[in-house]
Amino acid sequence: MTRRVVVVGGGISGLAAAYRLLQESPEPIELVLVEASERLGGVIQTDRSQGVVLEGGPDSFLRRKPEALQLSEELGLGAEVIGTNPDVRGAYIFHNGRFHDIPDGVQAGVPIRLEGLFKTELLNQSEKFRLMADLALPRLTFDEDIALGRLLRYRFGDAYVDRIAAPMMSGIYAGDIDLLSCAVTAPQLLKLQQRGRSLIQEAQKEAARAARPAPAAPGGMFATLARGLGSLVDALESRVRSQARVLLGSPVEKVARTEGGYAVVLANQETLEAADVIVAVPAYQAARMLAFWDDAERALLAEIPYADLAVIGAVYQPTAFNRPLNKTGFLVPRNQVAEMTAGTWVRSKWNYPDTVDVVPVRAFYGRAGDVSLLTKADDAMMSQFRQDMGYIMGVTDAPQYQRVFRIPQAMPQYLVGHQRRAAAIREAAQRWPGLRVIGSYFDGVGIPDCIRHANQAASELVRSWRSG
Ligand SMILES: Cc1cc2nc3c(=O)[nH]c(=O)nc-3n(C[C@H](O)[C@H](O)[C@H](O)COP(=O)(O)OP(=O)(O)OC[C@H]3O[C@@H](n4cnc5c(N)ncnc54)[C@H](O)[C@@H]3O)c2cc1C
């Protein structure tokens, strides 16, 4: 009998897993991909309606982790891979009504080259001297993990953390630096702190040891696709659809054990029997679904918090701006007048080949721990955006196009101790033959991390079929 497999969740994790299973299976399989919403891609969503690329979620992937690049090439999108604009470097930090350059030489939150820090106007004189306390302060003692913010605040002071390190480091996770796990989000800092007491000195030694730094990748550290990341979703969708069933608008209620494997129960009570299941939904959904796990195991999943986010994409006439958009955009530390957490000047950041003469901008809203965001109507969000654009950039014109992308429970938060939690979830999943649980909540939120987990899960299942 043909082997039946169900993949639950049609974000990049589920799509990549379904694609890889279909590729690697030695025999034809009956695969069903089940997605709750009416579209595939999960948080990846590209709007091309204005003739320019406006990303509603992620806009790039790291080249250093090769899985997204490899998958794009494998799907025939190699010619569409583009890099960041080589003429534009770095972003600004918006503080006290002004744009400031991000000081040179801050790596993983550690100020390695102090000259850059001494020049910045983001810190006053005594705040700059406080950085030097790192050279003398004894090592902080803690068990295996500590909040990233606690370590950095102790060594470098609050002003540096609030205005420089936090906006730079918490952006990726939409997280609160005082809660994020250092072991997961900046493991290199734990290594440095074990080597000697000053993080600055140890980071400098580390930089010197890497005598020949890796050559800069052509196109920069990050890459994207010329028509937006939606093309990756579209390419995966068409490959998967050609060999499998895709059910949209079909939330899964429950996955139950059966004699031959699993029963995947949809909200409309349709049941899909399968020998193997890949669960590729956010942790809180997996917790709800995995009915046969014991309560403590499900709690491990359910207790991973997520941050709500919104991205506002807006398209302006070039005349709306009276300053050069000469960096990739800006970061906004907490406690400024504006609510926006960051802005991207899309055309400055990316070499998209679109030719329409307009200025697309992306603005980010939502911070970990702030639950007020999603209670606002789109109108209220847009009026906050217009107010912030006025305050930060002096833009008073209305955009010619605007769109609010709401992403409730968008980003898993790796809190202190997350490593142990993720390991325990992995262990729980391994007890069930034919079941794989994947997603961004284990150890990397990046698209390449999600694809890597998807590839691994698919390969492990295929291996188990061969040996079983
Ligand atoms: C605003 C934002 C910007 C980002 N920027 C970047 C970036 O630039 N680069 C980068 O590498 N990463 C970035 N990330 C992170 C990265 O995009 C995500 O970690 C990744 O896309 C998550 O993919 P996923 O498939 O695991 O989860 P999701 O995309 O959340 O997909 C899960 C899917 O499961 C479905 N689902 C949920 N419940 C059920 C159910 N009961 N039944 C069936 N289906 C269900 C959902 O509808 C969804 O489609 C960003 C994330 C966000 C939110």
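Within each chain, residues carry numbers counting from 1 in the order of the written sequence. Given that this is a predicted model, residues contribute local features only at a pLDDT of at least 70 and side-chain atom pairs are listed and counted only at 80 or more, while totals for whole chains, interfaces and linings are drawn from all residues.

Things to note about the overall build of the protein chain
Phase 1: Runs of H or I in DSSP of at least four residues are treated as helices and runs of E of at least two as strands, each being numbered from the N terminus. Counting its secondary structure elements, the protein chain contains 16 helices and 22 strands.
Phase 2: By principal-axis analysis of the C-alpha atoms, the protein chain measures approximately 75 × 55 × 45 Å.
Phase 3: This entry defines residue contacts through backbone-placed C-beta atoms, with two residues in contact when those atoms are within 7 Å. Here the analysis covers contacts within the protein chain between residues at least 6 apart in sequence; of these, 74% occur between residues at least 24 apart.

Looking at the sheet that holds strand 16 (residues 276-279)
Phase 1: On the basis of which strands lie adjacent, the open sheet formed by five strands has the order 12-2-1-16-22 and parallel pairing. Edge positions in the open sheet fall to strand 12 (245-247) and strand 22 (435-437), since each of these has one partner strand only. Each strand axis lies, on average, 15 degrees off the axis of its neighbour in the sheet, ignoring direction.
Phase 2: Summarising the sheet, strand 1 (residues 3-8) and strand 2 (residues 29-34) pair through six bridges and their orientation is parallel. Within strand 2, the residue paired with arginine 4 across the bridge is glutamate 30.
Phase 3: Axis geometry follows a simple rule: fit a line to the C-alpha atoms, using only the stretch in contact for helices, then measure angles between N-to-C directions, giving values from 0 to 180 degrees. Against the sheet, helix 1 (residues 12-24) touches strand 1, strand 2 and strand 16, its axis set at about 175 degrees to strand 2. In this description, strands pair whenever DSSP reports at least two bridges between them.

Structural notes on the packing of helix 8 (residues 187-195) against helix 9 (residues 199-209)
Phase 1: Between helix 8 and helix 9, the least distance of the axes is 9 Å, while the angle of their chain directions is 105 degrees. In terms of axis orientation, helix 8 runs roughly perpendicular to helix 9. Residues Leu189, Leu192, Gln193 and Arg195 of helix 8 form the contact with helix 9, whose own contacting residues are Leu199, Glu202, Ala203 and Glu206.
Phase 2: Each residue belonging to the contact of helix 8 with helix 9 can be placed in one class, and the counts come to four nonpolar, one polar and three charged. With respect to orientation, any angle under 35 degrees is reported as roughly parallel, any angle over 145 as roughly antiparallel, any angle of 65 to 115 as roughly perpendicular, and every other angle as oblique. Polar here means any residue outside two lists: the nonpolar Ala, Val, Leu, Ile, Met, Phe, Trp, Tyr, Cys and Pro, and the charged Asp, Glu, Lys and Arg; Gly therefore counts as polar.

Considerations on the domain arrangement of the protein chain
Phase 1: According to the domain assignment, the protein chain contains domain 1 (3-43 + 241-304 + 416-467), domain 2 (104-209) and domain 3 (306-412).
Phase 2: Where each domain begins and ends follows an automated or database-derived domain assignment. Distance between the C-alpha centres of domain 2 and domain 3: 28 Å.
Phase 3: Of the residues lining the interface, 11 residues belong to domain 2; the matching set on domain 3 comes to 12 residues.
Phase 4: Here the residues of the side of domain 2 that touches domain 3 sort into six nonpolar, two polar and three charged.

Some remarks on the nonpolar core
Phase 1: We define a nonpolar core as a collection of buried residues of the types Ala, Val, Leu, Ile, Met, Phe, Trp, Tyr and Cys that are connected via C-beta atoms lying within 7 Å of each other. Remark: C-beta atoms are placed from the backbone, and a residue is labelled buried if 20 or more other C-beta atoms sit within 10 Å of its own, exposed if 12 or fewer do, or partly exposed between those counts. Core analysis: the biggest nonpolar cluster contains 136 residues, and Val7, Val8, Ala16, Ala17, Val264, Val277 and Val279 have the highest contact counts within it.
Phase 2: At eight residues, strand 17 (residues 306-316) tops the list of elements feeding residues into this core.
Phase 3: Contacts of valine 264, omitting those with residues within four sequence positions, involve Val6, Val8, Val34, Val252, Val255, Thr271, Leu272, Ala274 and Val277.

Structural notes on the site of the ligand
Phase 1: Each residue gets a C-beta atom placed from its backbone. If that atom is within 6 Å of a molecule or strand, the residue is near it. Around the ligand sit 36 residues in total, of which Gly9, Gly11, Gly42, Pro58 and Ser440 are the nearest.
Phase 2: For the shell around the ligand, the secondary-structure elements that each account for two or more residues are helix 1, strand 17, strand 21 (401-412) and helix 16 (447-467).
Phase 3: Looking at the shell around the ligand residue by residue, the classes come out as 21 nonpolar, 13 polar and two charged.
Phase 4: In this structure, the shell around the ligand is formed jointly by two domains, domain 1 (3-43 + 241-304 + 416-467) and domain 3 (306-412), each of which donates at least three residues.

Quick look at helix 14 (residues 378-393)
Phase 1: Taking 1.5 Å of rise per residue, 16 residues should cover 22 Å, and helix 14 covers 21 Å from first to last C-alpha, within 8% of that figure.
Phase 2: All of the buried residues along helix 14 are Met381, Phe385, Asp388, Met389, Ile392 and Met393. All buried residues of helix 14 lie within an arc of 105 degrees about the axis, which places them on one face of the element. Residues of helix 14 that are exposed and point over 90 degrees away from its buried face: Asp379, Ala380 and Ser383. In this scheme, a helix's expected span is set at 1.5 Å multiplied by one less than its residue total. Arc definition: it is the arc formed by the directions from the helix axis to the C-beta atoms.

Concerning unusual backbone geometry
Phase 1: Non-glycine residue asparagine 96 carries a positive phi angle of around 50 degrees.
Phase 2: One can find asparagine 96 in the loop between strand 7 (92-95) and strand 8 (98-101).
Phase 3: The phi dihedral of glutamine 269 falls on the positive side, at around 75 degrees, and the residue is not glycine.
Phase 4: As for its position among the elements, glutamine 269 is in the loop between strand 14 (262-266) and strand 15 (271-274).

Quick look at the environment of leucine 152
Phase 1: Relative to the helices and strands, leucine 152 resides in helix 5 (residues 148-156).
Phase 2: A count of 28 C-beta atoms within 10 Å places leucine 152 in the buried class.
Phase 3: Those residues in contact with leucine 152, other than ones at most four positions away along the chain, are Gly109, Val161 and Ala165.

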